[in-house]
Amino acid sequence: MSVTEERDSDRGSDAGHVLEIPSATLKGRQAYDLLRREIVSCRILPGTRFTEAELMERLEIGKASCRIALQRLIQDGFVASMPRHGYRVTPITVKDVEEVFALRLVLEPLAARGAAGRVNRAHLERLEEACRVKLTTDVGNQIDFFLEANRSFHMAIAEAAGNQRLCRSLSGLLDEMTRLVALGFGVQGVRPNIANDHVLLIEYLSAGDAAAAAEVARRHVETFREMTMEKVIASLRDSAAVVPVAPLSSLSGRER
């Protein structure tokens, strides 16, 4: 066989080979996704302390998988390492609320201006209806559903504006806001009330009235900031005692 044929044969062999993700990496990703959801929804409260061993036992994973998950959570800012004392879920402060909403006050009116006359009205109306759905379940699940629908509504407007950097920035802020709202409203057992701002926003966006849409977006963020700040302060007061890590759903199988 010639050198060329041998190389072609090797390439053909490589092409037919599917690289497998190591078990520790796969389980680490699963653990990360689960923990991130629990932290963002505040089912694991801010300030909660836990050890690597406790996490391994609850999630039924090995040390390598556990460290993969923890490293990503640390990079995201959701968890902090405490040398010789384990880990701690990053606390939420009043300053966090102020910073997130200060940036939303800049970005959301900008998105509304850019999206005026460019939105899919039917799509926004479906998302708006989803924001108002009241499930026959506990308040925590109702808030989870509302937050997902509300995030989709605001991201649909940002995407219609056609500014990818704006979309990425707002997406990160809305992820952070999810945790703030979950703490504020979830701990207080109250579902957020968005009044009629979304309906008005849809009207102005569909009509192409950029100035009016931007003003409604600004007012909406300001109103929601006051509501969230009030609830977060109350929740921080009520949950001042740090609780142990909450029970988590187990991942199937233990890493060997």
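A few points on the structure. (Residues numbered from 1 in each chain as written. Predicted model: local features only at pLDDT ≥ 70, side-chain atom pairs only at ≥ 80, totals over all residues. Heavy atoms only, no water.)

## Overview of the layout of surface pockets
So the rule is basically this: We place a 1 Å grid over just the protein atoms. Points where a 1.4 Å probe fits but has no way out form a cavity, open points with protein on both sides within 12 Å along at least 5 of 7 lines form a pocket, and any residue with an atom within 4 Å of a point lines it. Grid points are joined across faces, edges and corners, and a volume is the space filled by probe spheres set on the points. Going along the chain from the N terminus, every DSSP run of H or I of four or more residues is numbered as a helix, and every run of E of two or more is numbered as a strand. All residues other than Ala, Val, Leu, Ile, Met, Phe, Trp, Tyr, Cys, Pro, Asp, Glu, Lys and Arg, Gly among them, are scored as polar; the first ten of these are nonpolar and the last four charged.
Volume-wise, the largest pocket comes out at about 330 Å³. Together, 13 residues line the largest pocket, and Arg37, Val40, Ser41, Glu148 and Thr178 are the ones closest to its centre. In terms of residue count, helix α2 (residues 23-40) provides more of the lining of the largest pocket than any other element does, five residues in total. Each residue belonging to the lining of the largest pocket can be placed in one class, and the counts come to two nonpolar, two polar and nine charged. Of the voids in this model, the second largest pocket is the one considered here, and its volume is about 240 Å³. Along the wall of the second largest pocket there are 14 residues; nearest its centre are Asp76, Gly77, Phe78, Glu176 and Arg179. Those elements that provide at least two residues to the lining of the second largest pocket are α5 (94-115) and α8 (164-188).

## Examining empty space enclosed by the protein
One pass over the full model with this rule turns up one cavity of 30 Å³ or more. The volume enclosed by the largest cavity comes to roughly 30 Å³. Elements with a contribution of two residues or more to the lining of the largest cavity: α5 and α7 (139-161).

## Overview of the nonpolar core
Rules: Working definition of a nonpolar core: buried Ala, Val, Leu, Ile, Met, Phe, Trp, Tyr and Cys residues. They are joined through side-chain atoms within 4.5 Å. The buried label applies to any residue whose accessible area, calculated with a 1.4 Å probe on protein chains only, is under 20% of its type's maximum; exposed applies above 50%, and partly exposed to all values in between. Contacts between residues were defined by any pair of non-hydrogen atoms, one from each residue, lying within 4.5 Å.
Counting residues in hydrophobic clusters, the biggest one holds 49 residues, and the most contacted among them are Leu124, Ile157, Leu201 and Leu205. Of all the secondary structure elements, the ones that give two or more residues to this core are α5, α6 (121-132), α7, α8, α9 (197-207) and α10 (210-238). If we skip the residues at most four places from it in the chain, Ile157 touches Ala111, Ala112, Ala115, Leu124, Leu201 and Leu205. Counting 20 residues, the second-largest nonpolar core is a separate cluster that includes Tyr32, Leu35, Ile61 and Cys66.

## Some points on the pattern of salt bridges
Close approach of charged atoms allows side chains with opposite charge to pair. Rules: Salt-bridge detection follows one rule: a side-chain nitrogen of Lys or Arg within 4 Å of a carboxyl oxygen of Asp or Glu.
For the structure on display, the rule yields 14 salt bridges. A salt bridge links Glu108 to Arg104, with the shortest nitrogen-to-oxygen separation between them at 2.6 Å. One end of the pair is Glu108 and the other is Arg104, both in helix α5 and four residues apart, which spans about a single turn. A salt bridge links Glu125 to Arg121, with the shortest nitrogen-to-oxygen separation between them at 2.9 Å. With Glu125 and Arg121 both in helix α6 and four residues apart, this pair spans about one turn of that helix. Residue classification places Glu125 among the partly exposed positions, given a relative accessible area of 32%. Owing to a relative accessible area of 31%, Arg121 belongs among the partly exposed residues under this scheme.

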